[in-house]
Every structure is written in C-alpha cells, then in structure tokens.
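One letter stands for each residue in the lines below.
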Amino acid sequence: MSRAADRLKRVIHHLDRPRPQLTVFDTSAQSVSCHHPSAFRYTLDTDVLSPEQRLFYESNGYLLIKNLVSDEDIDKFRQEFEKICRREVEVPGLLVMRDIAIAKSEFVPDQKAVSKLQDFQDDPELFRFCTLPQIVKYVECFTGPNIMAMHTMLINKPPDTGKKTSRHPMHQDLHYFPFRPSDRIVCAWTAMERVDRSNGCLVVLPGTHRGTLKQHDYPAWEGGVNKMYHGVQDYSPEHPRTHLVMEKGDTVFFHPLLIHGSGMNRTQGFRKAISCHYASADCYYIDVKGTTQENIEEEVKGIALRKHGLGDDITLKDTWAFRGRLVKGERTSL
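Residues numbered from 1 in each chain as written. Predicted model: local features only at pLDDT ≥ 70, side-chain atom pairs only at ≥ 80, totals over all residues. Heavy atoms only, no water.

Novice: If you had to explain the overall build of the protein to someone new, which residues and values would you point to?
Specialist: Regarding its fold elements, the protein presents eight helices and 17 strands. Taking all 334 residues of the protein together, 56% fall into the buried category. When the accessible area of the protein is evaluated, it comes to approximately 14600 Å², of which 50% is carbon and sulfur surface. (Helix = DSSP H or I, 4+ residues; strand = E, 2+ residues; numbered from the N terminus. Buried < 20%, exposed > 50% of the residue type's maximum accessible area, 1.4 Å probe, protein only. Areas by Shrake-Rupley, 256 points an atom, 1.4 Å probe, with all protein chains shown as cover.)

Novice: Talk me through the packing of helix α3 (residues 71-85) against helix α5 (residues 124-131); I want residue IDs and the actual numbers.
Specialist: Relative orientation of the contacting elements α3 and α5 amounts to 145 degrees, with a least axis distance of 9 Å. Note on packing geometry: the crossing formed by α3 with α5 is left-handed. Residues Asp73, Lys76, Phe77, Glu80 and Ile84 of α3 pack against Glu125, Leu126, Arg128 and Phe129 of α5. Here the residues of the contact of α3 with α5 sort into four nonpolar, no polar and five charged. (Axes fitted to C-alpha atoms, helices over the stretch in contact; angles between N-to-C directions. Left-handed = near helix turned anticlockwise from the far one by under 90°. Contact = heavy atoms within 4.5 Å. Nonpolar A, V, L, I, M, F, W, Y, C, P; charged D, E, K, R; others polar.)

Novice: Give a description of the confidence of the model for the protein that names residues and reports values.
Specialist: Model confidence for the protein is summarised by a mean pLDDT of 84, while 78% of its residues fall at 70 or above. Between residues 14-31, whose pLDDT stays under 50, and residues either more than four places distant or in other chains, the model counts 38 contacts. (pLDDT = per-residue confidence, 0-100.)

Novice: Mind laying out helix α2 (residues 51-60), listing which residues take part and the relevant values?
Specialist: With seven of 10 residues buried, α2 lies mostly within the body of the structure. Listing the buried residues of α2 in full gives Gln53, Arg54, Phe56, Tyr57, Glu58, Ser59 and Asn60. Of the residues flanking the end of α2, it is Gly61, one or two places downstream, whose phi is positive at about 85 degrees.

Novice: I'd like to hear about the pairing of strand β13 (residues 251-254), residue by residue, with values.
Specialist: Because side chains alternate across β13, one face comprises the buried residues Thr251 and Phe253, and the other comprises Val252 and Phe254, equally buried. Of the pairings in the sheet, the one linking strand β2 (residues 62-66) to β13 comprises four bridges and is antiparallel in character. If you follow Tyr62 over to β13, its bridge partner there is Phe254. In the sheet, strand β8 (residues 185-191) pairs with β13 via four bridges, with the strands oriented antiparallel. Its bridge partner being in β13, Cys187 is matched across the sheet by Phe254. (Pairing = 2+ DSSP bridges.)

Novice: Can you break down the side chain of Glu58 residue by residue, with the values?
Specialist: If you trace the backbone, Glu58 turns up in helix α2. At a separation of 3.0 Å, a polar atom in the side chain of Glu58 contacts the main-chain amide nitrogen of Arg41. Only 2.9 Å separates the side chain of Glu58 from the backbone nitrogen of Thr43, close enough to count as a polar contact. (Polar contact = N/O pair within 3.5 Å; in protein donor to acceptor, adjacent residues only side chain to side chain.)

Novice: Any chance you could break down the nonpolar core for me, citing the residues and the numbers?
Specialist: Of all hydrophobic cores here, the largest spans 57 residues; its most connected members are Phe129, Ile135, Trp189, Val252, Phe253 and Tyr278. Considering each element in turn, this core owes the most residues, six residues, to helix α6 (residues 133-143). If sequence neighbours within four positions are ignored, Trp189 has contacts with Ile155, Val195, Leu202, Met246, Asp250, Thr251, Val252, Phe254, Arg271, Ala273, Ile274 and Ser275. Membership of the second largest hydrophobic core comes to 20 residues, among which are Phe179, Cys283, Leu316 and Ala321. (Core = buried A, V, L, I, M, F, W, Y, C linked by side-chain atoms within 4.5 Å.)

Novice: Run through the environment of Asn156, naming residues and quoting values.
Specialist: Tracing the backbone through its elements, the reader meets Asn156 in strand β5 (residues 147-157). A relative accessible area of 0% means that Asn156 is categorised as buried. Taking the C-alpha atoms as reference, Asn156 lies 9.5 Å from Ala113; in sequence the two are 43 residues apart.

Novice: Mind laying out the pattern of salt bridges, listing which residues take part and the relevant values?
Specialist: Applying the stated rule across the entire model yields 14 salt bridges. A salt bridge links Glu125 to Arg128; its shortest N-O distance comes to 2.7 Å. In this pair, Glu125 and Arg128 both sit in helix α5, three residues apart, roughly one turn of the helix. Between Asp196 and Arg194 there is a salt bridge, with its nearest N and O atoms 3.2 Å apart. For Asp196, a relative accessible area of 17% corresponds to the buried category. (Salt bridge = Lys/Arg side-chain N within 4 Å of Asp/Glu carboxyl O.)

Novice: I'd like a rundown of the side chain of Lys157, residues and numbers included.
Specialist: Mapped onto the secondary structure, Lys157 falls in strand β5. Of the side chains bearing the opposite charge, Asp160 lies closest to the buried Lys157, which forms no salt bridge; the N-O distance is 7.4 Å. Within the local environment of Lys157, its side chain forms a polar contact with the side chain of Ser262, the two groups lying 2.9 Å apart. (Lys, Arg positive; Asp, Glu negative; His and termini not counted.)

Below, the structure written as structure tokens:
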C-alpha cells in the first residue's frame, strides 16, 4: 500500500471512528450465446463448476446460481442496513448514497432516504456476506485461491419518482477498477428479495465480456443521473438482452467487462441487493492516466478532497488499495 493510500485509510478511520441449501445451476437462464471456446479463459477448474456452467460463463460472461444465500443471512444483512440508516451504527469509510430525486427533497434519516451503501468493508455484519463459504467457493472458480474483496455495496433501489432516476445506465464495472487482469475479477450480486423487471432487475448483454473496456460518461438523461453512475457511450442497442429475474438468495456472478445495468423500479417498494467485487490477490495496479478511465479518477479524487481534505497526489489506485480485504489465501500483490 502506498503512503498516499495509507494516509487515506488513517484519515477515514479517524473521521469515521465508530462510537464507544441447496445450490442449483439456473438452467432457465437464456442461452443467448452459442460461443464454444477451444480453451477455458474466464474460469478455473476447482471441481465446483460443471463443464456446462463453465461453458455458459465463458460464452455469456455471467452465471446465475439459485438459492445460494439463506433467508436467515439476508434478514441479518437487512437488519444491519436498517440500523445504519437509523444512524444506530457508524461505519468507518462507509459511503451513503441517495437517489438524486430523493436528495433534492427533505432529508429523512431512514432507509427511504438511502439508495446505496458503498464500501462496508469495516462493518463486520455486512462484510460477512463477502466471506460466506458458499459465495467464496464460487468466487475461487474465477479468481483463483488468493482472493481479495475489493468493492462492497448494498443497493436499495427506490421507487421511481417519475423522473426515471432509479435506473442505472448500461456500464462495465472495470471502468471503476485500476487493477488487472480483468479475467481474474468477478462480482457476486445477491438478491435480497424477488427481483424482476417491475422493480428494476439487472439486465445484461451476454457475451460483451469478450470485448474491450469502452468509453464511459454520464448519460444525457432528462431527469438527471445519480453520482458516479457512468454509462457506456457506444454499445449497440440492438445487442440481445437478458433480464435476470431472481428470487431471494439467488446470486449472479459476472465478469467486469460484461455490459449491464438496471431499469426503473416501478413498484412502491425498495429493491434490495448486496454485492461484492472480488479480485485475485495476484492482480496488479495500473496507471489510468491517458486512458478511458481518467475521468473516473478525477471524479474520485474530487470526492476524496471534499470529504477528507486530501491533496491532489491521491490516485485512483490509492483509493482502492486501502479498502481491499483478504478473504482467502495470501495477499500477494493487491
């Protein structure tokens, strides 16, 4: 960890010091790609995935596993989320985000005002999700045995106010990550309740993980766009789409280059999901200067400056290095 990242970690912990199954492969997923690789590139042989599951991920860039996380665990994560929203729990480094439509209205200190918790690596209960054995055993199929939890989120997608701000533009998660190789990074995204098109399920463009990282920026949406919700600028709207309908406890694993997003929440309830991006501890950091990721680095640096008063020498790499947590194996690089 660089001195800048170490300083960032110390500052955040100072400012935010807390107060004194059955696992079944989803054969119903739409097999929209018929690509058959001659060799496996995106998955590893750990005796967990079947050959059919490996082929599906290799071709499509995602894999949906049914009934992976128990109701009991999800209910505990929900209770912790509610405690944080009521400010009964303070978490160092936690970023609390609000939908742009909600943020412009009167603030209400409960879960209805919060659209996302980000970076909960220092909340023991929520971070327990990242270490669940049934999650980690699948993650190892994509990252290998040395596993880092790099990015954590609990999404509380609010009912749309009519301005369509609850939707998330189509994007690639790698846009936010200054570490490589991308093939050893994976997201685990678990539905905390039934998720379908009515409340804004994930929509993916199967096979796009085999492409390259595209230019991202804020879309020109009339109702406004939530902070840091960058979108791909040049994907084909004619590309086949798959809407991932999921039940409580279902978990989808997907590649960071897979183009995906989510629609509006047209219901009166909040749609919750919890996720973690993992990377092999053998991954390495890159300098994003002069790349398509330079715009997100500048935005992140601005947030670090405003929230923590840090200098201009902070890099995108520094903001990631301090929050990574080892969940299995050895921390060899990241």
